[in-house]
Amino acid sequence: MAKASSFLQSTLLPSSSPLRRLRTQPSTLSFPPLPTSRCRPGIHCSVSAGETTKRSVEEVPDISWGCEIDSVENATSLQRWLSDSGLPPQKMAIDRVDIGERGLVASQSLRKGEKLLFVPPSLVISADSVWTNGEAGEVMKRYDVPDWPLLATYLISEASLQKDSRWFNYISALPRQPYSLLYWTRTELDMYLEASQIRERAIERITNVVGTYEDLRSRIFSKHPHLFPQEVFNDETFKWSFGILFSRLVRLPSMDGRFALVPWADMLNHNCEVETYLDYDKSSKGVVFSADRPYQPGEQVFISYGNKSNGELLLSYGFVPREGTNPSDSVELSLSLRKNDKCYKEKLDALKKHGLSTPQCFPVRITGWPLELMAYAYLVVSPPDMINSFEEVAKAASNKSSTNKDLKYPEIEEEALQFILDSCETIISKYSRFLKESGSMDLDITSPKQLNRKAFLKQLAVDLSTSERRILYRAQYILRRRLRDIRSGELKALRLFSGIRNFFKQ
């Protein structure tokens, strides 16, 4: 399901705490334009994070709750419990499906626009949910822990109580190992995602999750070991709970923007062509969504997890849509100042002033790239005699500025486009090398279970690399045509004509 975020302030955490970073994940229920993003050069995990990511899945302690990700039996028990707890009769049922392994399918004909689900607030998990272990809940709230780590701890606490928790049937239906890059080892990330910026984001996310656990352990858990024993509250159980949150937490605008887990609704799978989302319906007093098209009995019913790239879908949900099927797909292009630039310091200062860095990542879509990317390229190639324009150009490259982004510097446009083209082709070569080598990649695995896992991860990486390279190939084609036109003199003639026309307008 969809990931969300919390913007609550906390007196518990220092400004550098991973807890602060983790609560600023973007909501999936609103869709701003793709932002300019900062690349993470040379990210290094802490010792604890490194140890975690190097362990193979078979070496880590087993999570003692949840089920196999394709288990229909536990999900069927969940539906029975939900019905007994106030969920109205449903027009969908859980079943094994081609997309998502298990999902909700129509049990009768559904009309376009028909509202479905009607999950009551009493069956929704949020930061206000009652803790079965009331003393543990009071301790967490006394420290004013933000929503994300609070919910992660709540899930572990309820899961550890097994049948003593009212959420036992829900937690039993959650995957024991969520599909998420949190469960890729560092070796796997380095081997399979070397060309993609998603690798850096995955490493950063793993580091933050482990850091969040360490913050909670040192500040709270170690002071209350009878409430938070380490055999239950540890880095592996937090990896599980955050994997659940990243893939299932939603923001409900009509419930005052509350972030919540919505049992049963989180069995719905994503389709890139669907534009319908979960929200609270005040008239029916339940969490609903409207069918975006008619469904026949037996058809899988879909919702949207948000306008996400294939890389973002892999990062949180563990799948990659088929190539060319995701209209929101994009790839991050990394641009950097040149270290030998005589004005390197002045340009870097201008970037920092507007919240930018070197390297800096920009989203490139099949339809083009943002104006900020072009502005950044202008700054990179700007000669020393343009020093007075550095700040103006850096401001245009920042997503914090909404004015004067579409700068024009005809005298350096060719060099800026060539710089972008060179950056594209450098990354394309990395993707091509990986895709060429992936066919003969030695998995070095003897266990059939491990072999299946490695083959699955490699296929995901191949699918992601193929889709991201496709976008860069399109950008390469556009850039080459633009440069060819400039160099052939066609655009120079047009500029001359435009200048003459503007002269006579004066």
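The structure under discussion appears in the preceding block.
A.B. asks: Any chance you could explain the overall build of the protein chain here in plain terms?
C.D. replies: Secondary structure summary: the protein chain contains 16 helices and 12 strands in total. Residues classed as buried in the protein chain amount to 56% of the 506 residues present. Within the protein chain, residue pairs in contact and separated by at least 24 positions form 75% of the contacts whose partners lie at least 6 positions apart. As displayed, the protein chain offers around 23300 Å² of accessible surface, 50% of which is attributable to carbon and sulfur atoms.

A.B. asks: Can you help me understand the packing of helix 12 (residues 371-381) against helix 13 (residues 390-397) in this one?
C.D. replies: For any two helices packed against each other, one specifies the inter-axial angle together with the distance between the axes. Running from N to C, helix 12 and helix 13 point in directions that differ by 155°, and their axes come no closer than 7 Å. Between helix 12 and helix 13, the crossing angle belongs to the class labelled roughly antiparallel. Taken as a pair, helix 12 and helix 13 cross one another with a handedness that is left-handed. Side by side, helix 12 and helix 13 meet where Glu372, Ala375, Tyr376, Tyr378 and Leu379 of the first sit next to Phe390, Val393, Ala394, Ala396 and Ala397 of the second. Tallied by class, the residues present in the contact of helix 12 with helix 13 amount to 9 nonpolar, no polar and 1 charged.

A.B. asks: Could you clarify how one ought to interpret the pattern of salt bridges in this entry?
C.D. replies: Oppositely charged side chains can form a pair if their charged atoms are brought close together. Using the criterion set out here, one finds 24 salt bridges in the structure. A salt bridge links Glu200 to Arg199; the nearest nitrogen and oxygen atoms lie 2.3 Å apart. Side by side, Glu200 and Arg199 carry an identical accessibility label, which is buried. One salt bridge in this structure joins Arg293 and Glu299, with 3.5 Å as the shortest N-O distance. Look at Glu299 and you get partly exposed, because its relative accessible area is 28%. Counted as one network, the salt bridges with shared partners bring together Arg186, Asp190, Arg199 and Glu200.

A.B. asks: Help me understand helix 10 (residues 310-317) in this model?
C.D. replies: Taking burial as the measure, the 8 residues of helix 10 include 8 buried ones, the bulk of the element. Every buried residue of helix 10 is listed here: Asn310, Gly311, Glu312, Leu313, Leu314, Leu315, Ser316 and Tyr317. Just past helix 10, the residue Gly318 takes up positive phi, approximately 80°.

A.B. asks: It is not clear to me how the packing of aromatic side chains should be interpreted in this structure. Could you clarify?
C.D. replies: Aromatic ring pairs: the centre-centre distance and the angle between the two ring planes describe each pair. According to the stated counting rule, one finds 18 aromatic pairs in the structure shown. Where Trp131 meets Tyr154, the ring centres are 5.2 Å apart and the plane angle is 80°; that geometry is what we call edge-to-face. Taken together, the residues span a long stretch of sequence, with Trp131 in the loop between strand 4 (125-126) and helix 4 (134-142) and Tyr154 in helix 5 (residues 147-160) at a distance of 23 residues. Of the residues examined, Trp131 reaches a relative accessible area of 7% and is grouped as buried. Aromatic pair Tyr317 and Phe319: ring centres 6.2 Å apart, planes at 40°, arrangement tilted. For Tyr317, a relative accessible area of 6% gives the class buried. Grouping aromatic residues by their ring pairs yields a cluster made of Trp148, Tyr213, Phe221, Phe228, Phe233, Phe238, Phe242 and Phe246. Cation over ring: Arg205 sits above Phe246, and NZ or CZ is 3.8 Å from the ring centre. For Lys239, the ring lying beneath its charged end belongs to Tyr183, and the centroid distance is 5.5 Å.

A.B. asks: What exactly am I supposed to notice about the side chain of Gln90 here?
C.D. replies: Residue placement: Gln90 occurs in the loop between helix 3 (73-84) and strand 1 (92-97). Exposure remark for Gln90: the relative accessible area of 16% places this residue in the buried category. A polar atom in the side chain of Gln90 sits 3.0 Å from the backbone oxygen of Pro88. Here the side chain of Gln90 touches Trp264 through a polar contact of 3.2 Å, side chain to side chain.

A.B. asks: Just checking my understanding: could you explain the environment of Ala291 for this structure?
C.D. replies: Mapped onto the secondary structure, Ala291 falls in the loop between strand 9 (286-290) and strand 10 (302-303). Put simply, Ala291 and Glu275 are 16 residues apart on the chain and 9.3 Å apart in space, counted from C-alpha to C-alpha. For Ala291, the residues in contact, after removing those within four places along its chain, are Arg111, Lys112, Gly113, Glu114 and Leu116.

A.B. asks: For this particular structure, what's the right way to read the sheet that holds strand 3 (residues 115-119)?
C.D. replies: Pairing between the strands of a sheet is mediated by backbone hydrogen bonds and can be parallel or antiparallel. The 3 strands lie next to each other as 3-9-8, forming an open sheet whose pairing is antiparallel. Here the strands that pair on one side only, and so sit at the sheet edges, are strand 3 and strand 8 (279-281). Here the average twist between neighbouring strands, direction ignored, is 45°. Note that strand 8 and strand 9 share 3 bridges and pair antiparallel. Within the sheet, the bridge partner assigned to Tyr280 lies in strand 9 and is Val287.

A.B. asks: Got a minute to help me understand the sheet that holds strand 4 in this structure?
C.D. replies: Read across the open sheet, the 3 strands follow the order 4-6-5; overall the sheet is antiparallel. Of all strands in the sheet, those with a lone pairing partner are strand 4 and strand 5 (250-252), marking the two edges. In this sheet, strand 6 (residues 258-261) lies alongside strand 5 in antiparallel orientation, the contact comprising 3 bridges. Within strand 6, the residue paired with Val250 across the bridge is Ala260.

Each value, and the rule that gives it
- Residues numbered from 1 in each chain as written.
- Predicted model: local features only at pLDDT ≥ 70, side-chain atom pairs only at ≥ 80, totals over all residues.
- Heavy atoms only, no water.
- Helix = DSSP H or I, 4+ residues; strand = E, 2+ residues; numbered from the N terminus.
- Buried < 20%, exposed > 50% of the residue type's maximum accessible area, 1.4 Å probe, protein only.
- Contact = heavy atoms within 4.5 Å.
- Areas by Shrake-Rupley, 256 points an atom, 1.4 Å probe, with all protein chains shown as cover.
- Axes fitted to C-alpha atoms, helices over the stretch in contact; angles between N-to-C directions.
- Parallel < 35°, antiparallel > 145°, perpendicular 65-115°, else oblique.
- Left-handed = near helix turned anticlockwise from the far one by under 90°.
- Nonpolar A, V, L, I, M, F, W, Y, C, P; charged D, E, K, R; others polar.
- Salt bridge = Lys/Arg side-chain N within 4 Å of Asp/Glu carboxyl O.
- Phe/Tyr/Trp six-rings, centres within 6.5 Å; stacked < 30°, edge-to-face > 60°.
- Lys NZ or Arg CZ within 6 Å of the ring centre and 35° of its normal.
- Polar contact = N/O pair within 3.5 Å; in protein donor to acceptor, adjacent residues only side chain to side chain.
- Pairing = 2+ DSSP bridges.

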